[in-house]
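Examining the three-dimensional arrangement
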Amino acid sequence: MIRIFKQRRLIPVEERRYGAIFFVCAALLTVTTIWAVIDEVWVRRPWKAYQKDFNELELQKAVVELRNAEQTFQSMEVQSRYSELQHNLQSAEAALEDDKYRRLTKELEEIESHIAELSRKLQFTRSESDEVYYRYKTALHRSEKAEREKEQLDHLEREKEKLSGELANAQKRRLTLQKQIRGFVQQIESLRDSLTTLRADILSWQRKIEAIKSRSIEIKQIILLDFDDNNFGGRISRVERCMTCHLGADKPGFENEKEPFTRHSYLLDLHPVEKFGCTPCHGGQGVALTARSAHGKVEFYHNPLLGEGTRERLCGKCHEDLEFPESPTLSDGRSLFESSGCLGCHNVEGYVKVPNIGPPLNRIAFKVKPAWIMRWILNPKSYLPQTKMPNFHSTEDEANDVRAYLLDASEQKPKPQRITVRSLDARWIQEGETIFRMARCISCHLVDGKGGTIAPDLVNITTKVQLDWLFDWIKNPRAYQPNTKMPRYRFTDQEILKIITYLNSLKTSEISSEDENFAYSSGEVKRGEKLVIEYGCLGCHDPVGQEAVGGKVGADLTFFGDKPIENFDFGDVTNISRTKEAWILSKLQNPRAFATERIAQKMPDYGFGIKESRAFSTVLLGFTEEHPPEPFILRRQPESSYIPPGEFGKLVTDLNCLTCHKINGRGGTLAPDLSYQGSRTNAAWLKKFLSNPTTLRPTLVERMPKFNLTDKEIDIIINYMRTTLVNEKVPSEFLSGEKFSMPEIEQGRKLYHEKYRCQSCHQINYEGGTMGPELVSTDMNIRERRTAGWIFQWIKNPKTLDPATLEPVLGLSDEEALLITKYLLSY
Amino acid sequence: MEQFFHILTLPDNIPIAGMLLLVLFYYWLGMSQAVKNDKYGVNRNIDKVHCWPYLTRIEFLATLLIMVILTVWSITIDAPLEELASPSKTPNPAKAPWYFLGLQEMLVYFDPWIAGVILPGLIIVGLMIIPYIDTNPRGGGYYSFHQRKFAIIVFGFGYMLWVVLIIIGTFFRGPGWYFFYPWEAWDVHRIVALTNVDLPYLFGIRSYFWSSVFGGILVSGYYFLGVIFYFYLKKKHPEFMKKFGIIRYSIVVFLLLTMLALPIKMFLRIALNIKYVWVTPWFNI
């Protein structure tokens, strides 16, 4: 090689030949240019290949459909119909060969030319007449002789008349001819139309195939106007080009194709692409045109495509609702987020306001035994396993200080107790248990592991609270806690004492001997106050004895999802992967895992498991800065603002009816909705029921507690219901005072038992199913309980009275519903 | 070495690496010619050829070749896209483009006024006045080392210094602008204690005023060496110095001493942990 160079050096410059080198270089340049063009047009644009593939796929499918359509066309019945029509068409067309038709068409032609000629003549005559008229008038005005002109004028006018008449005749004749011809032709047109309809499918598929073949390969993009924020407070549009490759996403028939042509799930029908785009729900770079960059799998991209198990994160950006079935993990996470009181310590800008989840502590000294406070703070779950209060892992000293502070700041101090354990008579246990059962306390409270969970467990309640407090509480709960859900039972003092005795007999542990005169120092109180503020007790409990301290003690979570992984502190933990999800899962299950000697962690232990932590992860990582424009956001529906008025309202507050019942959209779901109770039940039965509630369904154990209401109170309730809580659809005073005939009752019975088989769900005299309430039994009778109008309307169409009922809509006529009603009322 | 290769093959560093090789090649080319010319002598009346077509056709070839190289380069290597700019995330290390990395590296040894304004200014001014201070009539139009010793050595040294600074800035500086050997992985959490003191402090001077005075004396003494050398040169080569003139000489010696100050300062800083030699309220050297 070097030798060649050295030899070349010996040749004088003028004689050296550069031809070969030039040729090589030029060839190289040509090759690289072509390479550049191919690279630019094809290699760098893989979406072109995808579109081609998709078009072929769609073409194949269309061809298959076309074959099917052709086959149906070839089937016997279609073919026979087709040939019949063709035959008719042929005979109709043959009729056209008729002489008469020919003559008509010929005459029409002649008439047309005749009309044209006449029109021309008329026009010329008109023009000439105008000219003469001018001359005539000019002569007159010049006072010259004008007879000749007048003569000409008259002559021309006469001509005009004649021609107009002829023209009118000719046009009339033409009309008649046309009508006659149409008669011939009309039938042919309709036959032809029928023929095309038979081939309609084939034609449309052929057209579709043409359309597919003539499609051009191009970028498909959607522009979402004003979707994002820029940095200056304005809105900018978002461009999405996902459809360039994902062409089958909204086309039926592509469900089983492989990506990127697979059809999207039903959720796409709910969120059409033209309006919502793809990236607001899935993440990724909408503007990119290669798979890797469009899916955001490039270094540094902040919002890559969401993978398996994480796709619910972004639903929450528009759906503010707590429960929606398409995102179960998000719904779970949100419920947990709100019910665990996370918002008490962590701020999330724009999140729905949630009230404090802990009970007020402002009179705690009066309520609770000091020894119990200690036990509770040190380990809440040891007293109440289902509590929401987390474990702060405090030292004994810290718990003591906090206790001192709470007792000191309490507004009501303990007084010498009137009721002590010693003062309770053991003979009262049995009676207390009876009263307890009659009052159905376990509808809400847990005793012995059985019962409701919306109220505290009562097993060890006498070790927790001062007995005086318990007495006052049962007597009138609102006096201690105005927003409590506990109703005020009308017990006598003796009854309450018996209940307390019974409760005392249930206890399974003893904390310590009753400690009256419990003492604490001011130093402990001061330290306790600092601890209370530092550990954020005010995040769940209302302020105790001091002003609410501004600011929340936990980190702000508003943009938690945007936090880069570098900003997550993993402490000294090395055995988890360095991802946000791993951090969140670890943190929630063991909040103080990332503490080091220099950096403390204050978050307490909630006892979350892996499932809850995953749900939280979905919620938390959805807190990003991106937010859709206002019209897209579905705000949470506010709870109904119904407040029962007047005397009725006072009773409802006192008895806390809305804890279990719902009226007009507000209340609980443990008991029936009372919004239409006035139309639903008979006043007499209601009176009986409220005085002494019974179990209403065969499968149910629960029943309404006995409140020992006075007659006056019951009347207030009944009056309000009958006048206000009514449903217009139910006819009032229906069938009252009517007598039913035997044939009607018999017909009703037949309908009930044989035609509609109502006994599959309802019982009459213990025969029948147990899905629905029993209609007639020894202690319950639908005639007494329900109004006749309600029964009638209900049987006719239950969903008009209760959209969520399980009773099917059987489409009964008025007649049938009336007969069944009469049958039921005959018992 | 992973870090080293990663930096070397970054799309925006590939041209520098290529250019470095080219610079070495051209230097070798020139010097080999110079050696040959020095050995066999240079004949000013050698054969001449016309530029057109004998030079232009070679240039045209070169154009073709460069176009081919550029086309292939642009097809195969895409320009890099780095992270989304975010005011809350500062890249670490935040490095200047390669042509300014030399200056950024100089910032370690001098304060911003000197390293960013004075020295670059002097570089530019120095380059501009080369025609006026270079009075050597020999060595024009052909490569020669013996006939242009001073110019080649000084310029070569300066150029090499610049390139070395760039190389250090590219490959040897990591997060926090700490020194990382090329085989060390870059650790953003690394902390190295920096315990540099000013030179006067080392000599026991604690007051600011006397530190200033000390530094001033030192720096003027350094430049005074140039003055002394003038008189020495005048005695050794009187005719040359008469032709050269005192103005030219002052400029040359000033620039040369300033250029040499950089490696001296680098040594003081790296070996002796000295921060500044001369502290004043307006600038520090």
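About the thresholds
- Residues numbered from 1 in each chain as written.
- Chains lettered and ligands numbered in written order.
- Predicted model: local features only at pLDDT ≥ 70, side-chain atom pairs only at ≥ 80, totals over all residues.
- Heavy atoms only, no water.
- Contact = heavy atoms within 4.5 Å.
- Buried area = accessible area lost by both parts, 1.4 Å probe.
- Salt bridge = Lys/Arg side-chain N within 4 Å of Asp/Glu carboxyl O.
- Polar contact = N/O pair within 3.5 Å; in protein donor to acceptor, adjacent residues only side chain to side chain.
- Helix = DSSP H or I, 4+ residues; strand = E, 2+ residues; numbered from the N terminus.
- Nonpolar A, V, L, I, M, F, W, Y, C, P; charged D, E, K, R; others polar.
- Buried < 20%, exposed > 50% of the residue type's maximum accessible area, 1.4 Å probe, protein only.
- Domains from an automatic or database assignment.
- Core = buried A, V, L, I, M, F, W, Y, C linked by side-chain atoms within 4.5 Å.
- Expected span 1.5 Å × (residues − 1).
- Pairing = 2+ DSSP bridges.

A short note on the interface of chain B and chain A
- The interface of chain B with chain A comprises 21 residues on the first partner and 19 residues on the second.
- It is Arg57(B), Leu61(B) and Ile75(B) that lose the most area in chain B upon contact with chain A, and together they represent 31% of the buried surface on that side.
- At the junction of chain B with chain A, the criterion picks out one salt bridge.
- Close ionic contact of Asp78(B) with Arg44(A) constitutes a salt bridge, the shortest N to O distance being 2.9 Å.
- Applying the counting criterion to the chain B and chain A interface returns four residue pairs in polar contact (both at pLDDT 80 or more).
- Counting residues per element, the side of chain B that touches chain A draws most heavily on helix H4 (residues 56-76) of chain B, which supplies 13 residues.
- For the side of chain B that touches chain A, the residue count by class is 13 nonpolar, three polar and five charged.

A closer look at the pattern of salt bridges
All names here are of chain A.
- One pass over the full model with this rule turns up 42 salt bridges over all chains.
- When the shortest N-O distance is used, the salt bridge between Arg490 and Glu713 registers 2.8 Å. Taken together, the residues Arg490 in the loop between helix H21 (477-480) and helix H22 (493-505) and Glu713 in helix H29 (residues 711-723) connect sequence positions 223 residues apart. One exposure class covers both Arg490 and Glu713, and it is buried.
- Three or more residues are tied together by salt bridges with common partners; here these are Arg488, Arg490, Asp654 and Glu713.

Regarding the side chain of Ser331(A)
Residues and elements named next belong to chain A.
- With respect to the element layout, Ser331 can be found in helix H12 (residues 328-339).
- A distance of 2.8 Å separates the side chain of Ser331 from the backbone oxygen of Ser327, its partner in a polar contact.
- Not counting residues up to four positions away in its chain, the partners in contact with Ser331 are Leu322, Glu323 and Phe324.

Some details on the domain arrangement of chain A
Residues and elements named next belong to chain A.
- By the assigned domains, chain A splits into domain 1 (2-41), domain 2 (76-211), domain 3 (219-305), domain 4 (328-347 + 552-632), domain 5 (364-539) and domain 6 (646-825).
- Of the residues lining the interface, nine residues belong to domain 4; the matching set on domain 5 comes to eleven residues.
- Summed over both sides, the interface of domain 4 with domain 5 buries roughly 920 Å², with 57% coming from carbon and sulfur.
- The interface formed by domain 4 and domain 5 contains zero salt bridges.
- The tally of links between domain 4 and domain 5 comes to four residue pairs in polar contact (both at pLDDT 80 or more).
- Its residues placed into classes, the side of domain 4 that touches domain 5 shows four nonpolar, two polar and three charged.

Digging into the nonpolar core
Residues and elements named next belong to chain A.
- Judged by nonpolar contacts, the single largest core of 73 residues is most densely connected at Ile373, Leu406, Phe436, Leu470, Phe491 and Phe648.
- Per element, the largest residue contribution to this core is seven residues, and it comes from helix H17 (residues 396-409).
- Residue assignment places this core across two domains, with domain 5 (364-539) and domain 6 (646-825) each supplying three or more.
- Excluding its chain neighbours within four sequence positions, the residues that come into contact with Ile373 are Ile364, Val368, Arg403, Leu406 and Leu407.

Things to note about helix H2 (residues 14-40) of chain B
All names here are of chain B.
- Taking 1.5 Å as the rise per residue, H2 with 27 residues should run 39 Å; its terminal C-alpha atoms sit 39 Å apart, in good agreement.
- Buried within H2 are the following residues: Ile16, Gly30, Ala34 and Asn37.
- Where H2 is buried, its residues meet helix H5 (98-106).
- Positive backbone phi, approximately 80 degrees, marks Gly41, located one or two places after H2.

Some remarks on the pairing of strand S2 (residues 235-240) of chain A
Residues and elements named next belong to chain A.
- Of the strand pairs in this sheet, strand S1 (residues 222-229) and S2 are connected by five bridges, and their pairing is antiparallel. Counterpart to Ile222 in the pairing with S2 is Glu240.
- The hairpin turn running from S1 into S2, its antiparallel successor, is five residues long, and Gly233 in that turn takes a positive phi close to 80 degrees.

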